[in-house]
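Results of the structural survey
Here's the letter readout for the chains.
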Amino acid sequence: MNTSLALIAAKALPALSGSSLTYNAEKNVYLTLGYTSAAGNTYYRAIRLSDRLAVYYHIGQGYAHTFLNGITLFAWNGQKANIIAQKFWGGCNWRCFNERSAKEESILMLKDFLKGQAKAMGSMVAESQLLDFSRSMIEATHQKCLG
Amino acid sequence: MASLTKAINKDLFDSILPTFGNQRVHIPVWDEGQKMFLCEEYESASGNRYYKGVRFCDRIVVVEKVGLYHNWTYIDGIEVYAFNGTRLELVQKRDYDKVHRNEEFIRKELETMVRNFFEGVLKAQRSCMPQEELEEKAKSIIDGCYKSFLDSDYNTRLTQILPQIEQK
(Lines give C-alpha, C1' and ligand atoms only; values in the text may rest on other atoms or scores of the structure.)
Protein backbone atom coordinates (compact mmCIF):
# COMPACT_ATOMS: atom_id res chain seq x y z
CA MET A 1 0.00 0.00 0.00
CA ASN A 2 1.46 3.44 -0.79
CA THR A 3 2.28 5.66 2.20
CA SER A 4 -0.30 8.41 1.72
CA LEU A 5 -3.05 5.89 1.19
CA ALA A 6 -1.98 3.94 4.28
CA LEU A 7 -2.16 7.20 6.24
CA ILE A 8 -5.67 7.94 4.98
CA ALA A 9 -6.87 4.41 5.72
CA ALA A 10 -5.35 4.43 9.21
CA LYS A 11 -6.76 7.83 10.17
CA ALA A 12 -10.14 7.77 8.48
CA LEU A 13 -11.00 4.09 8.41
CA PRO A 14 -9.36 2.56 11.51
CA ALA A 15 -11.01 -0.79 10.85
CA LEU A 16 -8.90 -1.04 7.71
CA SER A 17 -5.58 0.06 9.12
CA GLY A 18 -4.47 -3.40 10.19
CA SER A 19 -2.84 -5.98 7.99
CA SER A 20 -6.12 -7.36 6.68
CA LEU A 21 -6.01 -5.46 3.39
CA THR A 22 -4.53 -6.90 0.25
CA TYR A 23 -3.97 -5.02 -2.98
CA ASN A 24 -5.18 -6.52 -6.21
CA ALA A 25 -2.97 -4.83 -8.80
CA GLU A 26 -4.82 -6.25 -11.77
CA LYS A 27 -8.11 -4.67 -10.67
CA ASN A 28 -6.44 -1.76 -8.87
CA VAL A 29 -8.47 -2.39 -5.75
CA TYR A 30 -7.95 -3.17 -2.06
CA LEU A 31 -9.66 -6.27 -0.72
CA THR A 32 -10.59 -6.92 2.90
CA LEU A 33 -10.08 -10.26 4.55
CA GLY A 34 -12.89 -12.56 3.39
CA TYR A 35 -15.33 -14.41 5.57
CA THR A 36 -16.47 -17.86 4.43
CA SER A 37 -19.89 -18.99 5.61
CA ALA A 38 -20.85 -22.53 6.55
CA ALA A 39 -22.46 -22.82 3.13
CA GLY A 40 -19.10 -22.12 1.52
CA ASN A 41 -19.83 -18.59 0.26
CA THR A 42 -17.12 -15.99 0.80
CA TYR A 43 -17.87 -12.37 1.60
CA TYR A 44 -15.45 -9.47 1.38
CA ARG A 45 -15.26 -5.79 0.51
CA ALA A 46 -13.44 -4.29 -2.45
CA ILE A 47 -12.30 -0.73 -1.71
CA ARG A 48 -11.11 2.12 -3.88
CA LEU A 49 -9.91 5.43 -2.46
CA SER A 50 -9.23 8.92 -3.72
CA ASP A 51 -8.48 12.17 -1.92
CA ARG A 52 -12.26 12.87 -1.82
CA LEU A 53 -13.97 9.53 -1.61
CA ALA A 54 -13.87 5.89 -0.54
CA VAL A 55 -15.99 3.43 -2.50
CA TYR A 56 -16.79 0.02 -0.99
CA TYR A 57 -18.23 -2.83 -2.99
CA HIS A 58 -19.74 -5.53 -0.77
CA ILE A 59 -19.07 -8.73 -2.64
CA GLY A 60 -20.25 -12.29 -2.20
CA GLN A 61 -18.43 -15.13 -3.89
CA GLY A 62 -20.70 -18.12 -4.42
CA TYR A 63 -20.07 -21.49 -6.04
CA ALA A 64 -20.56 -20.30 -9.61
CA HIS A 65 -21.09 -16.55 -9.43
CA THR A 66 -19.72 -13.40 -7.83
CA PHE A 67 -22.47 -11.16 -6.46
CA LEU A 68 -22.59 -7.45 -5.78
CA ASN A 69 -24.40 -7.32 -2.43
CA GLY A 70 -24.05 -3.59 -1.92
CA ILE A 71 -22.17 -0.35 -2.47
CA THR A 72 -21.21 2.17 0.21
CA LEU A 73 -19.77 5.59 -0.55
CA PHE A 74 -17.79 7.53 2.06
CA ALA A 75 -16.76 11.18 2.00
CA TRP A 76 -13.96 12.62 4.10
CA ASN A 77 -14.83 14.94 6.96
CA GLY A 78 -11.53 16.22 8.25
CA GLN A 79 -9.63 13.02 8.94
CA LYS A 80 -12.71 10.87 9.37
CA ALA A 81 -14.90 9.08 6.86
CA ASN A 82 -18.68 9.48 6.76
CA ILE A 83 -21.18 7.39 4.85
CA ILE A 84 -22.89 9.45 2.17
CA ALA A 85 -24.75 6.75 0.26
CA GLN A 86 -25.56 3.07 0.60
CA LYS A 87 -27.39 0.59 -1.53
CA PHE A 88 -27.90 -3.13 -1.02
CA TRP A 89 -29.14 -5.92 -3.20
CA GLY A 90 -30.11 -9.42 -2.24
CA GLY A 91 -32.97 -11.88 -1.97
CA CYS A 92 -35.01 -11.84 -5.16
CA ASN A 93 -33.26 -8.59 -6.06
CA TRP A 94 -29.78 -10.16 -6.36
CA ARG A 95 -27.28 -9.01 -8.95
CA CYS A 96 -24.11 -10.51 -10.30
CA PHE A 97 -20.97 -8.44 -9.94
CA ASN A 98 -19.98 -6.51 -13.02
CA GLU A 99 -17.22 -3.92 -12.78
CA ARG A 100 -18.76 -1.57 -15.29
CA SER A 101 -22.30 -1.56 -13.91
CA ALA A 102 -20.99 -1.26 -10.32
CA LYS A 103 -19.03 1.81 -11.39
CA GLU A 104 -22.08 3.32 -13.12
CA GLU A 105 -24.19 2.63 -10.02
CA SER A 106 -21.56 4.40 -7.86
CA ILE A 107 -21.68 7.42 -10.17
CA LEU A 108 -25.48 7.64 -9.88
CA MET A 109 -25.33 7.24 -6.09
CA LEU A 110 -22.79 10.04 -5.85
CA LYS A 111 -24.86 12.24 -8.16
CA ASP A 112 -27.94 11.76 -5.94
CA PHE A 113 -25.87 12.62 -2.85
CA LEU A 114 -24.62 15.83 -4.47
CA LYS A 115 -28.12 16.70 -5.65
CA GLY A 116 -29.49 16.28 -2.11
CA GLN A 117 -26.69 18.40 -0.64
CA ALA A 118 -27.20 21.15 -3.22
CA LYS A 119 -30.96 21.11 -2.55
CA ALA A 120 -30.44 21.26 1.23
CA MET A 121 -28.16 24.27 0.71
CA GLY A 122 -30.71 25.93 -1.57
CA SER A 123 -28.41 25.74 -4.60
CA MET A 124 -29.46 24.81 -8.10
CA VAL A 125 -26.94 22.78 -10.07
CA ALA A 126 -27.62 21.38 -13.52
CA GLU A 127 -28.14 17.61 -13.66
CA SER A 128 -25.45 17.34 -16.36
CA GLN A 129 -22.92 19.12 -14.16
CA LEU A 130 -23.72 16.87 -11.21
CA LEU A 131 -23.27 13.82 -13.41
CA ASP A 132 -19.98 15.10 -14.88
CA PHE A 133 -18.59 15.85 -11.45
CA SER A 134 -19.72 12.49 -10.05
CA ARG A 135 -18.17 10.66 -12.98
CA SER A 136 -14.84 12.44 -12.53
CA MET A 137 -14.86 11.74 -8.77
CA ILE A 138 -15.52 8.02 -9.26
CA GLU A 139 -12.95 7.89 -12.08
CA ALA A 140 -10.42 9.33 -9.62
CA THR A 141 -10.92 6.34 -7.31
CA HIS A 142 -9.99 4.08 -10.21
CA GLN A 143 -6.71 5.88 -10.98
CA LYS A 144 -3.73 3.72 -10.17
CA CYS A 145 -1.59 6.43 -8.58
CA LEU A 146 -4.23 6.83 -5.87
CA GLY A 147 -5.39 3.24 -5.59
CA MET B 1 -20.66 34.07 -16.92
CA ALA B 2 -20.23 30.35 -17.51
CA SER B 3 -16.88 30.35 -15.72
CA LEU B 4 -18.41 32.23 -12.76
CA THR B 5 -21.12 29.56 -12.47
CA LYS B 6 -18.45 26.89 -12.68
CA ALA B 7 -16.38 28.57 -9.95
CA ILE B 8 -19.41 28.84 -7.65
CA ASN B 9 -20.20 25.20 -8.20
CA LYS B 10 -16.59 24.21 -7.56
CA ASP B 11 -16.81 25.92 -4.14
CA LEU B 12 -20.09 24.12 -3.52
CA PHE B 13 -18.58 20.76 -4.41
CA ASP B 14 -15.48 21.46 -2.32
CA SER B 15 -17.64 22.14 0.72
CA ILE B 16 -19.76 19.02 0.41
CA LEU B 17 -17.05 16.68 -0.87
CA PRO B 18 -13.80 18.07 0.57
CA THR B 19 -10.37 16.59 0.07
CA PHE B 20 -8.98 14.43 2.90
CA GLY B 21 -8.15 16.52 5.98
CA ASN B 22 -10.66 19.30 5.26
CA GLN B 23 -13.94 19.66 7.16
CA ARG B 24 -17.18 18.89 5.38
CA VAL B 25 -20.00 21.40 5.71
CA HIS B 26 -22.63 20.21 8.25
CA ILE B 27 -25.56 19.47 5.96
CA PRO B 28 -27.83 16.45 6.54
CA VAL B 29 -26.99 13.65 4.12
CA TRP B 30 -29.92 12.39 2.07
CA ASP B 31 -29.33 8.80 0.94
CA GLU B 32 -31.53 8.28 -2.11
CA GLY B 33 -30.79 4.52 -2.16
CA GLN B 34 -32.24 3.98 1.32
CA LYS B 35 -34.65 6.93 1.10
CA MET B 36 -33.55 8.41 4.40
CA PHE B 37 -31.30 11.03 5.96
CA LEU B 38 -28.13 9.66 7.58
CA CYS B 39 -27.34 11.18 10.99
CA GLU B 40 -25.04 10.74 13.98
CA GLU B 41 -22.60 8.36 12.40
CA TYR B 42 -19.69 7.10 14.44
CA GLU B 43 -17.10 4.35 14.30
CA SER B 44 -16.26 2.37 17.44
CA ALA B 45 -12.72 1.49 18.45
CA SER B 46 -13.26 -2.01 17.11
CA GLY B 47 -14.18 -0.63 13.71
CA ASN B 48 -17.94 -1.16 13.84
CA ARG B 49 -19.91 1.69 12.39
CA TYR B 50 -23.28 2.99 13.59
CA TYR B 51 -25.67 5.59 12.29
CA LYS B 52 -29.28 6.72 12.52
CA GLY B 53 -31.43 6.72 9.41
CA VAL B 54 -34.26 9.24 9.54
CA ARG B 55 -37.28 9.50 7.27
CA PHE B 56 -40.55 11.36 7.78
CA CYS B 57 -43.84 12.54 6.42
CA ASP B 58 -46.13 15.24 7.80
CA ARG B 59 -47.54 12.79 10.42
CA ILE B 60 -44.67 10.75 11.82
CA VAL B 61 -40.89 10.52 12.03
CA VAL B 62 -39.13 7.17 11.74
CA VAL B 63 -35.64 6.56 13.11
CA GLU B 64 -33.67 3.45 12.19
CA LYS B 65 -30.63 2.51 14.24
CA VAL B 66 -28.21 0.79 11.93
CA GLY B 67 -24.98 -1.03 12.72
CA LEU B 68 -22.29 -2.13 10.27
CA TYR B 69 -20.06 -4.96 11.47
CA HIS B 70 -17.47 -6.42 9.12
CA ASN B 71 -19.40 -7.46 6.01
CA TRP B 72 -22.88 -7.14 7.52
CA THR B 73 -25.45 -4.42 8.05
CA TYR B 74 -27.75 -4.92 11.02
CA ILE B 75 -30.91 -3.19 12.14
CA ASP B 76 -30.44 -2.52 15.87
CA GLY B 77 -33.69 -0.65 16.48
CA ILE B 78 -36.62 1.25 15.04
CA GLU B 79 -38.37 4.20 16.68
CA VAL B 80 -41.55 5.93 15.53
CA TYR B 81 -42.30 9.47 16.69
CA ALA B 82 -45.55 11.42 16.37
CA PHE B 83 -45.81 15.20 16.36
CA ASN B 84 -47.11 17.15 19.32
CA GLY B 85 -47.02 20.70 18.05
CA THR B 86 -43.43 21.07 16.87
CA ARG B 87 -42.15 18.55 19.41
CA LEU B 88 -41.65 14.85 18.80
CA GLU B 89 -43.10 12.13 21.00
CA LEU B 90 -41.92 8.54 20.92
CA VAL B 91 -44.94 6.34 20.21
CA GLN B 92 -43.40 3.00 19.16
CA LYS B 93 -40.02 1.36 19.64
CA ARG B 94 -38.57 -2.00 18.71
CA ASP B 95 -35.09 -3.34 19.38
CA TYR B 96 -33.43 -6.15 17.48
CA ASP B 97 -30.56 -8.46 18.24
CA LYS B 98 -28.41 -9.62 15.34
CA VAL B 99 -31.06 -9.02 12.68
CA HIS B 100 -29.76 -8.29 9.19
CA ARG B 101 -31.09 -5.07 7.73
CA ASN B 102 -33.56 -5.74 4.98
CA GLU B 103 -35.61 -2.98 3.38
CA GLU B 104 -38.73 -5.09 2.96
CA PHE B 105 -38.56 -6.28 6.59
CA ILE B 106 -38.24 -2.70 7.85
CA ARG B 107 -41.18 -1.49 5.81
CA LYS B 108 -43.38 -4.30 7.13
CA GLU B 109 -42.23 -3.63 10.70
CA LEU B 110 -43.05 0.05 10.32
CA GLU B 111 -46.51 -0.67 9.00
CA THR B 112 -47.15 -2.98 11.96
CA MET B 113 -45.80 -0.47 14.46
CA VAL B 114 -47.96 2.37 13.12
CA ARG B 115 -51.00 0.09 13.05
CA ASN B 116 -50.31 -0.96 16.66
CA PHE B 117 -50.05 2.68 17.65
CA PHE B 118 -53.43 3.43 16.08
CA GLU B 119 -54.99 0.39 17.70
CA GLY B 120 -53.66 1.38 21.12
CA VAL B 121 -54.99 4.91 20.83
CA LEU B 122 -58.37 3.68 19.61
CA LYS B 123 -58.62 1.16 22.43
CA ALA B 124 -57.74 3.81 25.02
CA GLN B 125 -60.50 5.96 23.58
CA ARG B 126 -62.88 2.95 23.59
CA SER B 127 -63.27 3.36 19.90
CA CYS B 128 -62.56 1.04 17.00
CA MET B 129 -61.90 0.96 13.28
CA PRO B 130 -62.07 -1.94 10.81
CA GLN B 131 -58.76 -3.80 10.65
CA GLU B 132 -58.50 -3.32 6.88
CA GLU B 133 -58.91 0.43 7.22
CA LEU B 134 -56.25 0.53 9.94
CA GLU B 135 -53.82 -1.41 7.77
CA GLU B 136 -54.51 0.83 4.80
CA LYS B 137 -53.97 3.99 6.88
CA ALA B 138 -50.72 2.64 8.33
CA LYS B 139 -49.46 1.64 4.89
CA SER B 140 -50.26 5.01 3.34
CA ILE B 141 -48.44 6.85 6.16
CA ILE B 142 -45.36 4.66 5.73
CA ASP B 143 -45.48 5.07 1.95
CA GLY B 144 -45.40 8.83 2.56
CA CYS B 145 -42.19 8.43 4.59
CA TYR B 146 -40.45 6.90 1.56
CA LYS B 147 -40.96 10.00 -0.58
CA SER B 148 -37.70 11.23 -2.06
CA PHE B 149 -36.16 14.45 -0.79
CA LEU B 150 -35.02 14.96 -4.37
CA ASP B 151 -38.62 15.20 -5.63
CA SER B 152 -39.59 18.75 -6.51
CA ASP B 153 -42.76 18.62 -4.36
CA TYR B 154 -41.00 17.32 -1.20
CA ASN B 155 -41.96 19.42 1.82
CA THR B 156 -38.47 20.70 2.73
CA ARG B 157 -39.88 22.42 5.85
CA LEU B 158 -39.91 18.94 7.41
CA THR B 159 -36.10 18.80 7.44
CA GLN B 160 -36.25 21.22 10.40
CA ILE B 161 -37.01 18.07 12.40
CA LEU B 162 -33.48 16.72 11.92
CA PRO B 163 -31.75 18.78 14.67
CA GLN B 164 -34.36 17.49 17.15
CA ILE B 165 -33.55 13.91 16.17
CA GLU B 166 -29.83 14.55 16.53
CA GLN B 167 -30.40 15.72 20.12
CA LYS B 168 -32.23 12.51 21.07
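Being a predicted model, the structure only gives us computed values, none of them experimental. (Residues numbered from 1 in each chain as written. Chains lettered and ligands numbered in written order. Predicted model: local features only at pLDDT ≥ 70, side-chain atom pairs only at ≥ 80, totals over all residues. Heavy atoms only, no water.)

**A closer look at the packing of aromatic side chains**
Under the criterion given, the structure shown has 20 aromatic pairs over all chains. Centroid distance Y43 of chain A to W72 of chain B: 4.8 Å. Interplanar angle 65 degrees. Geometry classified as edge-to-face. Residue Y43 of chain A is located in strand 4 (residues 42-49), and its partner W72 of chain B is located in strand 5 (residues 72-84); the two belong to separate chains. Using a relative accessible area of 24% as the deciding quantity, one classes W72 of chain B as partly exposed. Members of the aromatic cluster, connected to one another through ring pairs, are W30, F37, F56, F149 and Y154 of chain B. Sitting over the face of the ring of F149 of chain B, K119 of chain A holds its NZ or CZ atom 5.1 Å from the ring centroid. Here R107 of chain B stacks its cationic end above the ring of Y146 of chain B, 4.0 Å away from the centre of that ring. (Phe/Tyr/Trp six-rings, centres within 6.5 Å; stacked < 30°, edge-to-face > 60°. Helix = DSSP H or I, 4+ residues; strand = E, 2+ residues; numbered from the N terminus. Buried < 20%, exposed > 50% of the residue type's maximum accessible area, 1.4 Å probe, protein only. Lys NZ or Arg CZ within 6 Å of the ring centre and 35° of its normal.)

**Let's talk about the pattern of salt bridges**
Scanning the model with the defined rule gives 28 salt bridges over all chains in all. Across the pair E32 of chain B and K35 of chain B runs a salt bridge whose closest N-O atoms are separated by 3.1 Å. Of the charged contacts, one joins R94 of chain B and E109 of chain B as a salt bridge, the two residues approaching to 3.0 Å between their closest N and O atoms. Here R94 of chain B, found in strand 6 (residues 87-95), pairs with E109 of chain B, found in helix 2 (residues 103-124); they are 15 residues apart in sequence, far enough to count as distant. For R94 of chain B, a relative accessible area of 26% translates into the label partly exposed. We classify E109 of chain B as buried; its relative accessible area is 13%. Three or more residues are tied together by salt bridges with common partners; here these are K111, D112, K115 and E127 of chain A. (Salt bridge = Lys/Arg side-chain N within 4 Å of Asp/Glu carboxyl O.)

**Overview of the interface of chain B and chain A**
It is common to report an interface's size as the accessible area lost on association of the parts. Opposite the 41 residues of chain B that make contact, chain A presents 46 residues. For the pair chain B and chain A, the summed buried surface comes to about 3,800 Å²; carbon and sulfur atoms form 61% of the total. Of all residues in chain B, F13, L17 and F20 of chain B give up the largest surface area on contact with chain A, accounting jointly for 22% of the area buried on that side. One can count 1 salt bridge joining chain B with chain A. A salt bridge links D14 of chain B to R52 of chain A, with the nearest nitrogen and oxygen atoms 2.8 Å apart. Seen at the junction of chain B and chain A, the total is 14 residue pairs in polar contact (both at pLDDT 80 or more). Secondary-structure elements contributing two or more residues to the side of chain B that touches chain A are helix 1 (2-16), strand 1 (29-31), strand 2 (36-43), strand 3 (49-56) and strand 5 of chain B. The residue inventory of the side of chain B that touches chain A, partitioned by class, reads 18 nonpolar, 14 polar and 9 charged. (Contact = heavy atoms within 4.5 Å. Buried area = accessible area lost by both parts, 1.4 Å probe. Polar contact = N/O pair within 3.5 Å; in protein donor to acceptor, adjacent residues only side chain to side chain. Nonpolar A, V, L, I, M, F, W, Y, C, P; charged D, E, K, R; others polar.)

**Describing the packing of helix 2 of chain B against helix 3 (residues 131-145) of chain B**
Residue and element names in this part refer to chain B. Closest axis-to-axis distance for the helix 2/helix 3 pair is 9 Å, and the angle between their directions is 125 degrees. Considering their axes alone, helix 2 and helix 3 lie oblique with respect to each other. Considering how the two elements wind past one another, helix 2 and helix 3 form a crossing that is right-handed. When helix 2 is examined against helix 3, the residues R107, L110, E111, V114, R115, F118, E119 and L122 are found in contact with a partner set consisting of Q131, L134, E135, K137, A138, K139, I141, I142 and D143. Each residue belonging to the contact of helix 2 with helix 3 can be placed in one class, and the counts come to 8 nonpolar, 1 polar and 8 charged. (Axes fitted to C-alpha atoms, helices over the stretch in contact; angles between N-to-C directions. Parallel < 35°, antiparallel > 145°, perpendicular 65-115°, else oblique. Left-handed = near helix turned anticlockwise from the far one by under 90°.)

**Examining unusual backbone geometry**
Residue and element names in this part refer to chain B. Non-glycine residue K35 carries a positive phi angle of around 50 degrees. Counting through the fold element by element, K35 comes out in the loop between strand 1 and strand 2. The phi angle at E40 is positive, at roughly 45 degrees, despite the residue not being glycine. One can find E40 in strand 2. We classify E40 as partly exposed; its relative accessible area is 33%.

**Describing the pairing of strand 4 (residues 60-69) of chain B**
Residues and elements named next belong to chain B. Taken across its 10 residues, strand 4 has 8 buried, putting it largely inside the fold. One ladder, built from 8 bridges, connects strand 3 with strand 4; its direction is antiparallel. Bridged to Y51 within strand 4 is V66. Hairpin connection, strand 3 to strand 4: the antiparallel pair is bridged by 3 residues. Looking at chain direction, strand 4 and strand 5 are connected through 10 bridges and run antiparallel. Residue pairing across strands places K65 opposite G77, the latter belonging to strand 5. Between strand 4 and strand 5, which pair antiparallel and follow one another directly, the connecting turn spans 2 residues, one of which, H70, has a positive phi of 50 degrees. (Pairing = 2+ DSSP bridges.)

**What to know about the sheet that holds strand 1 of chain B**
The strands making up a sheet are joined through hydrogen bonds of the backbone, oriented either antiparallel or parallel. All names here are of chain B. Pairing is antiparallel across the open sheet formed by 6 strands, whose spatial order is 1-2-3-4-5-6. Across the chains shown, the open sheet's two edge strands, defined by having one partner strand only, are strand 1 and strand 6. Across the sheet, the axes of successive neighbouring strands diverge by a mean angle of 30 degrees, strand direction being ignored. Pairing between strand 5 and strand 6: 8 bridges, direction antiparallel.

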